[in-house]
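# Geometric and topological summary
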Amino acid sequence: MENQTKLNGSELLLECLKKEKVELIFGYPGGAVLPLYDAMYDFEISNVLTRHEQGAVHAAEGYAKVTGKPGVVVVTSGPGATNAITGIADAMSDSLPLVVITGQVGTGGIGTDAFQEADILGITLPITKHNFQVRDVNDLQRIVHEAFHIASTGRPGPVVIDLPKDISQSMGGFLEHFEVDIPSYQPNTSASLPQIEKAMKQLKRAKKPLLLVGAGVSYANATEELRTFVDKYQIPVVETMMALGTVPSKHPLNLGMGGMHGTYAANMALSTCDYLINIGSRFADRLATSPNSFAPNAKIAHIDIDPAEIGKVIRTDIPVVADAKDALEKMLALDTKPGDYSGWIAECQEREAKHPLYYDETDEEIKPQRVVEIVGDITDSKAYVVTDVGQHQMWVSQFYPFSFPRQMITSGGLGTMGYGIPAGIGVKFAHPESQVVVFVGDGGFQMTNQEFAILNEHNLDIKFVLMNNHVLGMVHQWQEKFHGARFSSSEFKTQPDFMKLAEAYHVKGVRLSNPKTIEEDLKAAFALEGPVLIEVEIPAQEHVLPMVAAGAPNHKMIGVK
């Protein structure tokens, strides 16, 4: 047996993280993890001290989204761990690989309602891909490596390691070489060739085929194969919000985002296609707004790495359980002769031309859609774009010209307000040389703005565009349309001075309110060095359109031009 180096649990954990090529940790210390933070003091992996545990997890999500590598979080026991719950649930919804290490009271105190004890295993069971509690220091190395393997393979997701304080101080053996072997966990990544052949035979028969592209494509690093497939077979494309940028927004076959706030062309294509190939999307309710009437005329092929998603929401004629890259490689290798879909393409593009996304331009107020378009021009479509949740998230999805995969970083499945600021920070740590823009509303900004403290501490040049309409925009919109304009608790009667708040964090602040000079004002703000908070006054009555009411079929859109 290989000689083991004796280390205490904290040192052993850090050596395991080093083996997993972890570059940084997002975390917040406390009593139960003090031994671990003491070991970090002289260790080469640095800790980013966020100002709240929720911020730590969202930052790790941003990092994981753009790198594909697990984001690592360390929090203490009790309230430290429970403050991380929202971010863990968010990562589970959006299939993001995280390893969250939660401190725990000593093993002797577990189950006694000890100070800062919480049953983190029970709490996180439904919102993690897996969770562990370390009861023997000699199991720690195995658990850490299994956690990283589980988080990053198959359908990615968060894994929790609950670490009792006495385990972090106990002595245990560290093996320099360790192989992960989990017989009960063997995710399938290889597409069945007969199923791929069925999918391609159906493509030959189709007259109106459509590709639905989800985030699973970029998570599988299959963007190149997807774009090759689109160009070879000349099939129109609809993207989910989480997949924006996988096919460039300006590609002639990209019909835009589908679903509740999707384009007319995208939703009508979903409603009238005769063959739908879904690659890496889980048919979420914001896309398939009425499952019983979704793609009513279509045969449906669903390619997904998670077998639980196939047939869960939408009936599937050709199921393919596989990694998107493997499936696309096999589809391309069959070299099926492309059909002539020119009539179908013309039909889709005619709808796009007749009913484009639009907004009413005016010199009386700043339109948020115009702000997004200007930022798209300033950044030449090349920025990492992070959003919080709400109306601004939808305007960005509709009007920013996305051009590369993993470019849109947002909270999709859980819809977590407060996500934007810390997620943007995580993205910037992952890609310090890239431009990062965060769009945030005045509601979400007030949930996690304490993370501004990190910006100058780490010299993070991020531009934050705060869309201020003095209301909870999406709630306000729904109340106006579906609740008789009874604006119950959705209007901010008072707000902080956001410029003074930025100043308190030593961040430059610019407030913009002149619609006639908005373009030059935004350019000037973006030209400023370092982090900048750009507050833009927008009208409270501006709605996100078009929209599909909850439960309505995709083709019944409100607010189409």
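Everything numeric here is computed off the predicted structure, so don't read it as measured data.

Relative orientation of the contacting elements helix α3 (residues 53-67) and helix α5 (residues 85-93) amounts to 25°, with a least axis distance of 7 Å. Classified by the interaxial angle, the pair formed by α3 and α5 is roughly parallel. Contacts between α3 and α5 involve Q54, V57, H58 and E61 from the first element and T86, G87, I88, D90 and A91 from the second. Taken together, the residues of the contact of α3 with α5 break down into three nonpolar, four polar and two charged.

Attention now moves to the UniProt feature "domain: Thiamine pyrophosphate enzyme central" (unreviewed entry) in the protein chain. The sites that UniProt annotates as "domain: Thiamine pyrophosphate enzyme central" (unreviewed entry) are residues 196-330. Helix makes up 30% of residues 196-330 and strand 20%, whereas the separation of the span's terminal C-alpha atoms amounts to 7 Å.

What follows is about the side chain of T379. The residue T379 is located in the loop between α15 (368-378) and β15 (384-387) in this model. Within the local environment of T379, its side chain forms a polar contact with the backbone oxygen of V375, the two atoms lying 2.8 Å apart. Those residues within four positions of T379 in sequence are excluded, and the remaining contacts are Y400, Q435, V437 and F526.

On to a negative patch on the surface, then. Negative charge collects at one region of the surface, where D360, E361, D363 and E364 lie side by side. Take D360: it is sitting in the loop between α14 (342-354) and α15. The class of D360 is exposed, set by a relative accessible area of 54%.

Before going further, it helps to spend a moment on the pattern of salt bridges. Summed over all chains, the structure comprises 25 salt bridges. Put simply, R51 and E457 hold a salt bridge, and the shortest N to O gap is 3.0 Å. One end of the pair, R51, is in the loop between β3 (46-49) and α3; the other, E457, is in helix α19 (residues 453-457), with 406 residues separating them in the sequence. Residues E146 and R142 are paired through a salt bridge, measuring 3.2 Å at the closest nitrogen-oxygen approach. Remark: R142 and E146 occur in helix α7 (residues 140-152); sequence separation between them is four residues, near one turn of the helix. For E146, a relative accessible area of 9% puts it in the buried group.

So, how was this worked out
- Residues numbered from 1 in each chain as written.
- Predicted model: local features only at pLDDT ≥ 70, side-chain atom pairs only at ≥ 80, totals over all residues.
- Heavy atoms only, no water.
- Axes fitted to C-alpha atoms, helices over the stretch in contact; angles between N-to-C directions.
- Helix = DSSP H or I, 4+ residues; strand = E, 2+ residues; numbered from the N terminus.
- Parallel < 35°, antiparallel > 145°, perpendicular 65-115°, else oblique.
- Contact = heavy atoms within 4.5 Å.
- Nonpolar A, V, L, I, M, F, W, Y, C, P; charged D, E, K, R; others polar.
- UniProt positions renumbered as here; feature names shortened; annotations may be inferred.
- Polar contact = N/O pair within 3.5 Å; in protein donor to acceptor, adjacent residues only side chain to side chain.
- Patch = residues over 30% accessible without salt bridge, like charges linked within 9 Å, V, L, I, M, F, W, Y side chains within 5 Å.
- Areas by Shrake-Rupley, 256 points an atom, 1.4 Å probe, with all protein chains shown as cover.
- Salt bridge = Lys/Arg side-chain N within 4 Å of Asp/Glu carboxyl O.
- Lys, Arg positive; Asp, Glu negative; His and termini not counted.
- Charge placed at Lys NZ, Arg CZ, Asp CG, Glu CD.
- Buried < 20%, exposed > 50% of the residue type's maximum accessible area, 1.4 Å probe, protein only.

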